Number of protein chains: 2
Amino acid sequence: VTIRNETEFIQNYLVPLTRGAAGTFGLKDDAAIIPVPDGHDLVVTTDAVASGTHFMPEQSPADIAWKAVAVNVSDLVAKGAKPVCYQMSVAFDNAPGNAWVESFVRGLDEVQSAFDLYLAGGDTDVRRGPLTITITAFGVVPTNRMIRRSTAQTGDKLYVSGTIGDSMNGLLMLQDPSAATKFGLSRDIEQSLINRYLRPQPRIELLAALREHASAAMDISDGLGQDLAKLAAASGVGAIMSKHRDRLPLVAHASDDYEILAAIPPGQANSFEAAARKAGVAVQCIGTLTETTAIQFLDSDGATLDVSLGGWDHFRDAR
Amino acid sequence: VTIRNETEFIQNYLVPLTRGAAGTFGLKDDAAIIPVPDGHDLVVTTDAVASGTHFMPEQSPADIAWKAVAVNVSDLVAKGAKPVCYQMSVAFDNAPGNAWVESFVRGLDEVQSAFDLYLAGGDTDVRRGPLTITITAFGVVPTNRMIRRSTAQTGDKLYVSGTIGDSMNGLLMLQDPSAATKFGLSRDIEQSLINRYLRPQPRIELLAALREHASAAMDISDGLGQDLAKLAAASGVGAIMSKHRDRLPLVAHASDDYEILAAIPPGQANSFEAAARKAGVAVQCIGTLTETTAIQFLDSDGATLDVSLGGWDHFRDAR
């Protein structure tokens, strides 16, 4: 069954996702009002996901919906912002069927519940071209407390949350069902790696620890090497990376992990680690920021490793 | 010449469009801060334009850029919101060349200057599929003063700004270069109609008059018939349309005009007309809102005309 028109899609499926928030006007107006509490800044980020580029067409609509919102939540969390709501622009290739829409809306409902945000408004189109979901997400942070990329200091310790590379391995296993057996991985591990790719988990539990301790932060979406280079360049510092030695070539390039990269002043490293432990999120120190702007990777003897920073560039790498 | 990478596109071409606004961080962070002055609500709207659906691929990049932003400004103005800034997500089919990007950025610069807003942030992708520009635009309105769709009252006078149908005629002339001669139109008139399609002019001069006098408003983008039906349904009223009699079948369906449809309480009609005249914008009363929810079109003898409300539905009409 194909949904008959935009109005049916919006009123029957999308309106419940507004959670009745006052500024959404039941999706019956041309615009929404985004609430900003006194003493707070409104933080906004935009990321689009397109079929064939950011997800595979055979993924479930629920997983696609989850990912579209989660990659934006990840940016908010890295900035110290508590998620509030989002605008969604969906471009369909065909008018979707009921089953597809029901799965898609279930994924939106799940990601909204997981990260406590609602749908504020948006736009729907049908045109030739890959299914594309463009999300602009809103979060709030106490005034002037957004965690930036450019404010890291020489001497700060570099931390990453979770594990880097899981998502890329999950994608590998989705693309090659024999890979897990080849590497001797159990079905449970295989599934958990695949889930890391399908349903990225922004580290919202780290919000308080980041706000309290980070001098700079960003999420790792394009690969640790490239994202670290961006943070270092924005802050005018370099880095010596001294962990992950044997896995470095993998770790520097792996994308889609949506873990946090944070610069923590050395005097606060212990309390940051304690706060992360209390929040139930594994973090590890992988390096130190330096005055020279070079980024160096050291092996266990302290010798320099030649590791390309790699990562994804849409203009260079797409198609 | 093709632009080498996303960073070059962003830093060389997009950064100047931020006008140095503090919350944009020179487009070097993962998020932006949208300023909201005390005593104001933040109004947000999202509209995407895609090649082949909302514009023709042979249009100049400057015109495409203008339209992408202007259709969002039109929504803000209809809500009584003063434009502030916008997020832009661009999905390219190919990495663009310098000449294309220079024209595109010139169009953005022009529309920004015309409506006094800046680029806050966004996202860039390259994937197979039509060039698509998704804009989320932000405006501000004094607290609780956003002009809604649902607050029109029985007895209110219905006004439209400008002329309806020009944009559709302009598109016709773009598609058929002999049309102007056929209809006996001068080159000047032909060009002005084409410009109505290529470069919609949101009625920002009406902002104060709308804030002061409108009980409800929206912009006319999908066709007067359909948009009026939406406003009436949201407000739980009907309408008797008594102007534009001979042109009604055209006027009800014509899309892409981005004029304003406003409900004005009868006691304020004169002062609204005076305020519009002072603002230099032609407005005309085309009907009256009624208690029954029907929408009637009357001819000059007061007999009912059979006019379909028409308009565009993406799920039904695309492709």
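To start, this report covers the structure provided alongside it. (Residues numbered from 1 in each chain as written. Chains lettered and ligands numbered in written order. Predicted model: local features only at pLDDT ≥ 70, side-chain atom pairs only at ≥ 80, totals over all residues. Heavy atoms only, no water.)

Residue and element names in this part refer to chain A. With respect to topology, 7 strands assemble into an open sheet ordered 7-9-6-10-8-11-12, the strand pairing being mixed. In the strand order of this sheet, the two ends are held by strand 7 (216-220) and strand 12 (304-305), each with one partner. In terms of strand pairing, strand 8 (residues 238-241) meets strand 11 (residues 295-298) through 3 bridges, oriented parallel. Along strand 11, the bridge assignment pairs Ala 239 with Ile 295. (Pairing = 2+ DSSP bridges. Helix = DSSP H or I, 4+ residues; strand = E, 2+ residues; numbered from the N terminus.)

Quick look at the pairing of strand 10 (residues 283-290) of chain A now. Residue and element names in this part refer to chain A. Taken together, the 5 bridges between strand 6 (residues 157-161) and strand 10 define a ladder with antiparallel strand orientation. Considered in strand 10, the bridge of Lys 157 is made with Thr 288. Sheet topology places strand 8 next to strand 10; 4 bridges connect them, and they run antiparallel. Residue Met 241 lies in a different strand from strand 10, and its bridge partner there is Gly 287.

At the junction of the two partners, chain B supplies 59 residues and chain A supplies 59 residues. Around 5000 Å² of area is buried between chain B and chain A when both sides are counted, 55% of it from carbon and sulfur atoms. The tally of links between chain B and chain A comes to 6 salt bridges. A salt bridge links Asp30(A) to Lys79(B); the nearest nitrogen and oxygen atoms lie 3.0 Å apart. The interface formed by chain B and chain A contains 23 residue pairs in polar contact (both at pLDDT 80 or more). Mapped onto the side of chain B that touches chain A, the elements with two or more residues apiece are helix 1 (6-14), strand 1 (32-34), strand 2 (40-50), strand 3 (82-92), strand 4 (118-126), strand 5 (132-142), strand 7 (216-220) and helix 11 (314-317) of chain B. Among the elements that line the side of chain B that touches chain A, the one with the most residues is strand 2 of chain B, at 9 residues. The residue inventory of the side of chain B that touches chain A, partitioned by class, reads 25 nonpolar, 15 polar and 19 charged. (Contact = heavy atoms within 4.5 Å. Buried area = accessible area lost by both parts, 1.4 Å probe. Salt bridge = Lys/Arg side-chain N within 4 Å of Asp/Glu carboxyl O. Polar contact = N/O pair within 3.5 Å; in protein donor to acceptor, adjacent residues only side chain to side chain. Nonpolar A, V, L, I, M, F, W, Y, C, P; charged D, E, K, R; others polar.)

Once that is clear, we can look at the sheet that holds strand 1 of chain B. In spatial order, the strands read 4(A)-3(A)-5(A)-2(A)-1(B); together these 5 strands make up an open sheet with mixed pairing. Only two strands of the sheet have a single partner each, and these edge strands are strand 4 (118-126) of chain A together with strand 1 of chain B. The average undirected angle you get between the axes of adjacent strands in this sheet is 25°. Inspection of the sheet shows strand 2 (residues 40-50) of chain A paired to strand 1 of chain B by 3 bridges, in the antiparallel sense. Counterpart to Val43(A) in the pairing with strand 1 of chain B is Ile33(B). (Axes fitted to C-alpha atoms, helices over the stretch in contact; angles between N-to-C directions.)

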